[in-house]
Amino acid sequence: MGLWNSINGWRTGRREKRRAHMETLGFCPDCAGRGFQHMPYSEAYFMAPLDCPGCNGTGSYETWEENNLM
């Protein structure tokens, strides 16, 4: 279990570091400020980009923070 806990701790730290960096830039951490989610496409399937559910398509950190209050 020690290895599992260290991996989870590393992932949590990495996620928090990214969130703090995006906060300083003012971008949504989910979509990196683009306002939409990039979906991998293939030759046989294409769909329009989806608005980011975290920031409702605005790309701003403030909107993301309002939507993610616990």
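What you are looking at is a predicted structure, and each value in this text was computed from that prediction instead of being measured.

Colleague: Just checking my understanding: could you explain the overall build of the chain for this structure?
Modeller: Assigned secondary structure in the chain consists of two helices and two strands. Ordered by position from N to C terminus, the α and β elements of the chain give α-β-β-α. Put simply, the chain has 70 residues, and 19% of those count as buried. Counting only carbon and sulfur atoms, one obtains 59% of the accessible surface of the chain, whose full area is about 5,600 Å².

Colleague: When you look at the confidence of the model for the chain in this model, what are you seeing that I'm missing?
Modeller: Fine structural detail should not be taken from predicted coordinates in areas where pLDDT scores are low. Averaged over every residue, the pLDDT of the chain is 85; residues scoring 70 or more account for 86%. Across the chain, the element-wise mean pLDDT spans from 80 in strand 1 (residues 36-37) up to 92 in helix 1 (residues 2-25).

Colleague: Would you take a moment to explain a nonpolar patch on the surface for this structure?
Modeller: On the surface, a cluster of nonpolar side chains totalling about 350 Å² of accessible area is made up of L3, I7 and W10. With respect to the secondary-structure elements, L3 resides in helix 1.

Colleague: Teacher, can you tell me more about the nonpolar core here?
Modeller: It is characteristic of soluble globular proteins that their nonpolar side chains tend to be buried jointly. If you look at the biggest cluster of nonpolar residues, it comprises six residues: C28, C31, C52, C55, Y61 and W64. Aside from chain neighbours lying at most four places away, what touches C55 is C28, C31, G35, S60, T63, W64 and N67.

Colleague: I would appreciate a short explanation of a positive patch on the surface in the present structure.
Modeller: On the surface, a cluster of positive charge is contributed by R11, R14, R15, R18 and R34. For R14, the position within the fold is in helix 1. The class for R14 is exposed, based on a relative accessible area of 53%.

Conventions and cut-offs
Residues numbered from 1 in each chain as written. Predicted model: local features only at pLDDT ≥ 70, side-chain atom pairs only at ≥ 80, totals over all residues. Heavy atoms only, no water. Helix = DSSP H or I, 4+ residues; strand = E, 2+ residues; numbered from the N terminus. Buried < 20%, exposed > 50% of the residue type's maximum accessible area, 1.4 Å probe, protein only. Areas by Shrake-Rupley, 256 points an atom, 1.4 Å probe, with all protein chains shown as cover. pLDDT = per-residue confidence, 0-100. Patch = residues over 30% accessible without salt bridge, like charges linked within 9 Å, V, L, I, M, F, W, Y side chains within 5 Å. Salt bridge = Lys/Arg side-chain N within 4 Å of Asp/Glu carboxyl O. Core = buried A, V, L, I, M, F, W, Y, C linked by side-chain atoms within 4.5 Å. Contact = heavy atoms within 4.5 Å. Lys, Arg positive; Asp, Glu negative; His and termini not counted. Charge placed at Lys NZ, Arg CZ, Asp CG, Glu CD.

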